[in-house]
Amino acid sequence: MTPPPTVLPRRGALLLLPALAACGTTTVQPLTQPPRGRVVVLRGLLNMFSTGMNVLTFTLRDAGYDATVHNHAEWRGLANRTIEAARADALPRPLAVIGHSFGADDAIALAGRLGAAGVPVDLLVTFDPSWVLAVPPGPRRVLNFHQDRDTYARRLAPGPGFDGRIENRQVRGESHLSIDKALGLHREVLAMLREIDPAPPVRAGR
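The rules behind each value
- Residues numbered from 1 in each chain as written.
- Predicted model: local features only at pLDDT ≥ 70, side-chain atom pairs only at ≥ 80, totals over all residues.
- Heavy atoms only, no water.
- Helix = DSSP H or I, 4+ residues; strand = E, 2+ residues; numbered from the N terminus.
- Expected span 1.5 Å × (residues − 1).
- Buried < 20%, exposed > 50% of the residue type's maximum accessible area, 1.4 Å probe, protein only.
- Core = buried A, V, L, I, M, F, W, Y, C linked by side-chain atoms within 4.5 Å.
- Contact = heavy atoms within 4.5 Å.
- Pairing = 2+ DSSP bridges.
- Axes fitted to C-alpha atoms, helices over the stretch in contact; angles between N-to-C directions.
- Phe/Tyr/Trp six-rings, centres within 6.5 Å; stacked < 30°, edge-to-face > 60°.
- Patch = residues over 30% accessible without salt bridge, like charges linked within 9 Å, V, L, I, M, F, W, Y side chains within 5 Å.
- Areas by Shrake-Rupley, 256 points an atom, 1.4 Å probe, with all protein chains shown as cover.
- Salt bridge = Lys/Arg side-chain N within 4 Å of Asp/Glu carboxyl O.

The end-to-end C-alpha distance of helix α5 (residues 102-116), which contains 15 residues, comes to 21 Å, matching closely the 21 Å that a straight helix rising 1.5 Å per residue would cover. Burial runs high along α5: eleven of the 15 residues are buried. Looking only at α5, the buried set comprises F102, G103, A104, D105, D106, A107, I108, L110, A111, G112 and L114. Taken from the residues just after α5, G118 is the one with a positive phi, measuring 80°.

Structure below.
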């Protein structure tokens, strides 16, 4: 008899992340004009299932945003680099953080780390978070897309001290592995970014 497949728990999966982090970032071409804002995008488990995050990143770059997509295991380093850029007056606004699955979990953690350092996130977008459902202080506006097929609702709620806005949007007809690839949701993210009035971009070294 063939043994049943083993489900890899989150703790076990996390042990693999240092080895995976080195191959996390997708190369992008430089923008040809000053960016309209900065967007950090995080893929989910094993850096291979959240291919919709790559598509969203290039959509945002085509619209003029400095968007980059990463392995979610990189979130701490991304937080540090974003804080350094803000302190050097070299961080374009609006600032957005986006993630899918475990990438959504770590997008929440990244936004919280930035908020604690005095670098508020203008927009946090999560596509079907896995375990982290409480939002810490830091993001001003949160949009959470979650699918309707699981036995528990992946809805976000404010954590202690959170004073922004949270919108939970249930997306019908999508699964955990397809929701990040819904192009209609990508268009909503772009429209929401365009609604935010950006400050003039500040270049490094000014």
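From this point, the discussion proceeds with the structure in view.
One finds V39, L60, I98, V125, F127, F145 and L193 to be the most contacted residues of the largest nonpolar core, which totals 25 residues. Contributions of two or more residues to this core are made by β1 (38-43), α3 (51-62), β2 (66-71), β3 (95-100), β4 (123-127), β6 (141-147) and α6 (183-195). With five residues, the top contributor of residues to this core is α6. Contacts of L193, omitting those with residues within four sequence positions, involve V39, L60, Y65, P94, A96 and L123. Counting residues in each nonpolar core, the second largest holds 22 residues, with L78, A85, A107 and V121 among its members.

Let us now look at the side chain of H146. Counting through the fold element by element, H146 comes out in strand β6. Setting aside chain neighbours within four positions, we find H146 in contact with D128, R154, R155, N168, R169, Q170, V171 and I179.

Strand pairing in a sheet takes place through backbone hydrogen bonds and is either antiparallel or parallel in direction. The strand order across the open sheet built from six strands is β2-β1-β3-β4-β6-β8, with neighbouring strands paired in parallel fashion. Of all the strands in the sheet, the pair left with one neighbour each is β2 and β8 (165-171). The mean angle between the axes of side-by-side strands here comes to 15°, regardless of whether they run parallel or antiparallel. Sheet topology places β1 next to β2; six bridges connect them, and they run parallel. When the bridges of β2 are listed, V39 appears paired with A67. Contacting β1, β2, β3 and β4, α3 crosses the sheet at an angle of about 165° to β2. Contacting β1, β3 and β4, α5 crosses the sheet at an angle of about 155° to β3.

What follows concerns the packing of aromatic side chains. Two aromatic rings are characterised by how far apart their centres lie and by the angle between their planes. All chains considered together, the criterion is met by one aromatic pair. Ring geometry for F127 against F145: centres 5.2 Å apart, planes inclined by 45°, an arrangement best described as tilted. Pair noted here: F127 is in strand β4 and F145 is in strand β6, with a separation of 18 residues, a long-range link. F145 carries the same exposure label as F127, and that label is buried.

Our focus in this paragraph is a nonpolar patch on the surface. A contiguous nonpolar patch, built from M48, F49 and L177 and spanning about 300 Å² of accessible area, is present on the exposed surface. Checked against the element boundaries, M48 lands in the loop between β1 and α3.

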